[in-house]
Amino acid sequence: MSAHLRIAPLLFAVPLAACAAGSGSYPSLAIRDAERVGGSLETPTPEAPPAQPAPPSADLLARLGQLQSQAASAHQAFLAAVPATRRAVRAASGAGIASDRYASAQVALADLDSHRSRAAIALGDLDLLFADAALSFELRAPIVETRADVTAMIAQEDAVLAELRGAI
């Protein structure tokens, strides 16, 4: 082994030895004045009960009635169009994609989709009303009830559409 290789470990050990030297001037680990906490943990007494949401306005109730009737009208039109669509789908089952019966069934399904989308527009408007009522801290229960009715109509329509699309 050469002399340089024997000296190399000693050169690395010298800086490490300097880190191990004890000077005795370590900082104190005692709590400093800035670390002390003052005060107490008493809970404040409530001064007044929390505010209740404002009742819905007459305009909001009128708008809810309008949206409910819009969705109900679209739902009735949907239900009225279902028998004709069922006949068209039955006639198209087994027919090729290029046949007139298949095209007629697709047009009838598109008609049902348009009635469903009219109800979905009312649902979207109800969602906007709900968001506005939440931001202005108004009572949202009437909106929730109307929204539940419209959602039930749309769910029924979705089930019929899924059934008819599966039969084609």
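Above this text is the structure in question.
Remember, predicted model here, so these are calculated numbers, not experimental data.

Q: Tell me about the environment of Gln106, and please be specific about residues and values.
A: The residue Gln106 is located in helix H3 (residues 100–135) in this model. Residues Gln106 and Thr85, spaced 21 residues apart in sequence, show a C-alpha to C-alpha distance of 8.9 Å.

Q: Explain the pattern of salt bridges to me, using residue names and the numbers behind them.
A: For the structure on display, the rule yields 5 salt bridges. The salt bridge involving Arg86 is made with Glu163; its shortest N-O contact spans 2.6 Å. With a gap of 77 residues between them, Arg86 in helix H2 (residues 58–92) and Glu163 in helix H4 (residues 141–167) connect regions that are remote in the sequence. Ionic pairing is found between Asp113 and Arg165, a salt bridge with its closest N-O pair at 2.4 Å.

Q: An account of the side chain of Thr146 is requested, with residue identities and associated values reported.
A: Its location among the elements puts Thr146 in helix H4. If sequence neighbours within four positions are ignored, Thr146 has contacts with Leu64, Gln68 and Leu126.

Q: I'd love a proper account of the packing of H2 against H4, names of residues and values included.
A: Following both chains from N to C, one finds H2 and H4 inclined at 15°, their axes separated by 10 Å at the closest point. It follows from the interaxial angle that H2 and H4 lie roughly parallel. Crossing of H2 over H4 shows left-handed handedness. By residue class, the composition of the contact of H2 with H4 is 18 nonpolar, 5 polar and 4 charged.

Rules used in this analysis
- Starting from 1, residues in each chain are numbered consecutively following that chain's sequence as written.
- Where local features are concerned, this predicted model is filtered to residues with pLDDT of at least 70; where side-chain atom pairs are given and counted, the filter is 80 or more; whole-chain, interface and lining totals use all residues.
- Processing note: side-chain calculations cover all non-hydrogen atoms of the structure and skip hydrogens and water entirely.
- Comment: elements are numbered from the N terminus, with helices defined as DSSP H or I runs of at least four residues and strands as E runs of at least two.
- Salt bridges are defined by distance alone: a side-chain nitrogen of Lys or Arg within 4 Å of a carboxyl oxygen of Asp or Glu.
- Only heavy atoms matter for contacts: two residues are in contact if any of them lie within 4.5 Å across the pair.
- All axes are obtained by fitting lines to C-alpha atoms, using only the stretch in contact for helices, and the reported angles, taken between N-to-C directions, cover 0 to 180 degrees.
- Convention used here: angles under 35 degrees read as roughly parallel, angles over 145 as roughly antiparallel, angles from 65 to 115 as roughly perpendicular, and any remaining angle as oblique.
- Whether a crossing is left-handed or right-handed is set by the direction in which the near helix is turned from the far one by less than a right angle, anticlockwise for left-handed and clockwise for right-handed.
- Side-chain classes follow a simple rule in which Ala, Val, Leu, Ile, Met, Phe, Trp, Tyr, Cys and Pro form the nonpolar group, Asp, Glu, Lys and Arg form the charged group, and the remainder, Gly included, forms the polar group.

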